[in-house]
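Residue-level structure breakdown
Given next are the chains, with one letter for each unit.
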Amino acid sequence: MLALSSVKSLAKWSLGMFTFSFLLSAPFSWGDWSSLVWPTSIAFFTGLVGAPVLEPEHFENPWILQAVFGGVAGALLVPFFDVGLVWIALFAPLGSVAGVSAKHWVREVHLP
């Protein structure tokens, strides 16, 4: 079970990334709200996967959460590629691998 501090950290980073992405993308997508789904979804899941790396003191086993959230992101974002749903079997494990490897790539992104 997740501790309250873990949930707060996940919410802070995922919703923060979502909001930041929405504010940057909305002026360019005004009126075409379906085009906002892609950047905001990626930002939301990046926040979920990145939170355990950015605030490791709140998480006991961060790699489990990162693998689960990465897999969910991979599975949910398949329809954006206009490929068959069979591709979920490929994209979910790829998302899990990206999630588990987050400790290596999140540190390379410099946030303000």
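Residues numbered from 1 in each chain as written. Predicted model: local features only at pLDDT ≥ 70, side-chain atom pairs only at ≥ 80, totals over all residues. Heavy atoms only, no water.

Turning next to the pattern of salt bridges. Across all of its chains, the model carries one salt bridge by this definition. Measuring nitrogen to oxygen at the nearest pair gives 2.4 Å for the salt bridge that ties Lys12 to Glu55. One end of the pair, Lys12, is in helix 1 (residues 4–25); the other, Glu55, is in the loop between helix 2 (37–54) and helix 3 (62–76), with 43 residues separating them in the sequence. Classification of Lys12 as partly exposed rests on a relative accessible area of 47%. (Salt bridge = Lys/Arg side-chain N within 4 Å of Asp/Glu carboxyl O. Helix = DSSP H or I, 4+ residues; strand = E, 2+ residues; numbered from the N terminus. Buried < 20%, exposed > 50% of the residue type's maximum accessible area, 1.4 Å probe, protein only.)

Here we take up the packing of helix 3 against helix 4 (residues 88–100). Packing of helix 3 against helix 4 brings their axes to within 6 Å, and their N-to-C directions diverge by 145°. Crossing hand, helix 3 versus helix 4: right-handed. Of helix 4, the residues touching helix 3 (which contributes Trp63, Gln66, Ala67, Gly70, Gly71, Gly74 and Ala75) are Ile88, Phe91, Ala92, Gly95, Ser96, Gly99 and Val100. Taken together, the residues of the contact of helix 3 with helix 4 sort by class into seven nonpolar, seven polar and no charged. (Axes fitted to C-alpha atoms, helices over the stretch in contact; angles between N-to-C directions. Left-handed = near helix turned anticlockwise from the far one by under 90°. Contact = heavy atoms within 4.5 Å. Nonpolar A, V, L, I, M, F, W, Y, C, P; charged D, E, K, R; others polar.)

Judged by nonpolar contacts, Leu10, Phe45, Leu48, Val49, Ala51, Val53, Phe59, Leu65, Phe69, Ala73, Ala102 and Val106 together constitute the single largest core of 12 residues. Among the elements of the structure, helix 2 and helix 3 are those that each provide at least two residues to this core. In terms of residue count, the dominant contributor to this core is helix 2 (five residues). (Core = buried A, V, L, I, M, F, W, Y, C linked by side-chain atoms within 4.5 Å.)

What follows deals with the packing of aromatic side chains. For the coordinates displayed, the defined rule picks out two aromatic pairs. Plain terms: the ring middles of Phe44 and Phe45 are 5.6 Å apart, the flat faces sit at 80° to each other, and that makes the pair edge-to-face. Look at Phe44 and you get partly exposed, because its relative accessible area is 27%. Taking the centre distance of 6.1 Å and the plane angle of 55° together, the rings of Trp87 and Phe91 count as tilted. (Phe/Tyr/Trp six-rings, centres within 6.5 Å; stacked < 30°, edge-to-face > 60°.)

The next subject is the environment of Thr19. With respect to the helices and strands, the residue Thr19 is situated in helix 1. For Thr19, a relative accessible area of 39% puts it in the partly exposed group. For the pair Thr19 and Leu94, spaced 75 residues apart in the sequence, the C-alpha separation amounts to 26 Å. A distance of 2.7 Å separates a polar atom in the side chain of Thr19 from the backbone oxygen of Leu15. (Polar contact = N/O pair within 3.5 Å; in protein donor to acceptor, adjacent residues only side chain to side chain.)

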